[in-house]
Amino acid sequence: MATGSIGLGKMGAEAFAPPGAEALPARDGGTRAADRPRAPRIAFFFNAQPHQLLHGITTAEELALGWRAEVDILSSTQVNLDLARAAVLPDSRQWMGFEQIGSPLVRALSARMGRIVPPKLLTLFAIRRRMNGYDAIALPERTSIMLRSLGVTRPRFIHIDHGAGDRAAGFDPRIARFDFALMAGEKQRRRMLAEGLVREEASAVVGYPKFDAADRLRDRSWTPFAVERPIILYNPHFSPTLGSWRDHGFELVRRIAEADRYNLIVAPHIRLCDTRGGRAAAEAAFGPFAALPHVHVDYGSERSIDMTYTSMADIYLGDVSSQVYEFLRRPRPCLFVNGNGRTWQGDPNHDHWRFGLVIDGAAQVVPAIEQAIATHRDFAAVQAAAFRDTFDLHDGERHSRRAAEAIAGFLGLEAR
């Protein structure tokens, strides 16, 4: 069985809003006292695919509820706004604004080209004057820091991480251009300090707000399989050079499917399918298996971003996606595919490959799965220690509240 992509086909806005829903109004009509001085205006701007929104939306909600500030959720895509409204509690929406921004012409051209997200730079150019009206802008991606180069000099920029993996891409030099940065745990803090990306006094370790948003959104009772078997999640990264899907994906899936002893979820990183060409390539690789009762293929639905699959799977099969750390919220067997013969030992960008067996290609995958299950005890302690180092979590704590407190402290906001 197969599941569609967010923003493509029948998924997208329909995943989070009733059929026929119109564009969201600029503001949900919350009552704000008019006799007080103007509250600081803060934008949470989501200028990328929907998966990034889950890293910041519940932080925005906590900030709007707990501090005197006008909090707006802005995005160039309606899909993001529908997901944002679904992720916050109904009573919270009156305290927040939701607005689609950018150029309608650029959005229309992007849709004709089969792209989920309009070109980021064109969106930034279109909104540059408007964004200068905010006191702060929080972003889970780095391209939009170019607003500063476009004359947006008034707001302070806050970086929200959108994953806590090991790849160098997560430690982008552009992070140093932000005024304040939120980090998930000590692993990020050490590396970002060492690389000069953040300053102690202008950063904060806050845990992982995505856990709050994903826990609220996903349906824990849902399953794609009628017969109970061990579930393997194949989660290839979108990179054609670092990921395993292009050279090995078809054969990996074929061998597991033909073994007929596991249920298999094929859920690539959402960016693999966020263009018409990427979707076509994924369908060519994985589509032949979608009709099998023990294979579920997801080309980018909401379940591929709300931790449905990393929560339900028994075994993780992947390459370089940061989602392996979300999977290790509950330590389980892992198996990694080194499809390009990289020398990875000692490389911090592949540190997560310490969490299980590493194979060179598809020929070994079925016996390697059996071995990964049998030897998991050898990796469990390493997995648990790495999870604690990656996510600074406190029992009973709302990560989003902690992130909101850090932002409020940095901006000097008054509590409500």
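Residues numbered from 1 in each chain as written. Predicted model: local features only at pLDDT ≥ 70, side-chain atom pairs only at ≥ 80, totals over all residues. Heavy atoms only, no water.

S.K.: So what about the pairing of strand β7 (residues 180-183)? Which residues, and what values?
M.R.: The side chains of a regular strand alternate, residue by residue, between the two faces of the sheet. Here β7 shows two buried faces, one formed by Phe-180 and Leu-182 and the other by Ala-181 and Met-183. As judged from the 3 bridges shared by strand β6 (residues 156-160) and β7, these two strands associate in the parallel manner. The residue of β7 that forms the bridge with His-159 is Ala-181. Assessed by its sense of winding, the connection that carries the chain from β7 through helix α5 (residues 186-194) to strand β8 (residues 203-205) is right-handed. (Buried < 20%, exposed > 50% of the residue type's maximum accessible area, 1.4 Å probe, protein only. Helix = DSSP H or I, 4+ residues; strand = E, 2+ residues; numbered from the N terminus. Pairing = 2+ DSSP bridges. Right-handed = clockwise from strand over helix to strand, strands pointing away.)

S.K.: Mind laying out the confidence of the model for the protein chain, listing which residues take part and the relevant values?
M.R.: Interpretation of the predicted coordinates at a detailed level should be avoided for regions scoring low in pLDDT. On average, residues of the protein chain score 90 in pLDDT, and 91% of them are at 70 or above. Across residues 7-35 the pLDDT falls below 50, and counting only partners more than four positions away or on other chains, this stretch makes 54 contacts in the model. (pLDDT = per-residue confidence, 0-100. Contact = heavy atoms within 4.5 Å.)

S.K.: For the sheet that holds strand β10 (residues 263-266), give the residues involved together with the corresponding values.
M.R.: Pairing is parallel across the open sheet formed by 7 strands, whose spatial order is β1-β11-β10-β9-β12-β13-β14. The open sheet is flanked by β1 (2-3) and β14 (357-359), the only strands paired with a single partner. When strand β12 (residues 315-318) meets strand β13 (residues 334-337), the two strands line up parallel, connected through 3 bridges. Note that in β13 the partner of Tyr-316 across the bridge is Cys-334.

S.K.: Break down the packing of helix α7 (residues 245-259) against helix α8 (residues 276-286) for me, with residues and values.
M.R.: The N-to-C vectors of α7 and α8 enclose an angle of 35°; their axes lie 8 Å apart at closest approach. Contacts between α7 and α8 involve Trp-245, Gly-249, Phe-250 and Val-253 from the former and Ala-281, Ala-285 and Phe-286 from the latter. Class assignment for the residues of the contact of α7 with α8 results in 6 nonpolar, 1 polar and no charged. (Axes fitted to C-alpha atoms, helices over the stretch in contact; angles between N-to-C directions. Nonpolar A, V, L, I, M, F, W, Y, C, P; charged D, E, K, R; others polar.)

S.K.: So, the pairing of strand β3 (residues 70-75): which residues are in play, and what are the values?
M.R.: Buried residues dominate β3, accounting for 6 of its 6 residues. Residues Glu-70, Asp-72 and Leu-74 point to one face of β3 and Val-71, Ile-73 and Ser-75 to the other, with burial holding for every one of them. Running through helix α1 (residues 57-66), the crossover from strand β2 (residues 41-46) to the neighbouring parallel element β3 is right-handed. When β3 meets strand β4 (residues 96-100), the two strands line up parallel, connected through 5 bridges. Pairing of Leu-74 across the sheet is with Glu-99, part of β4.

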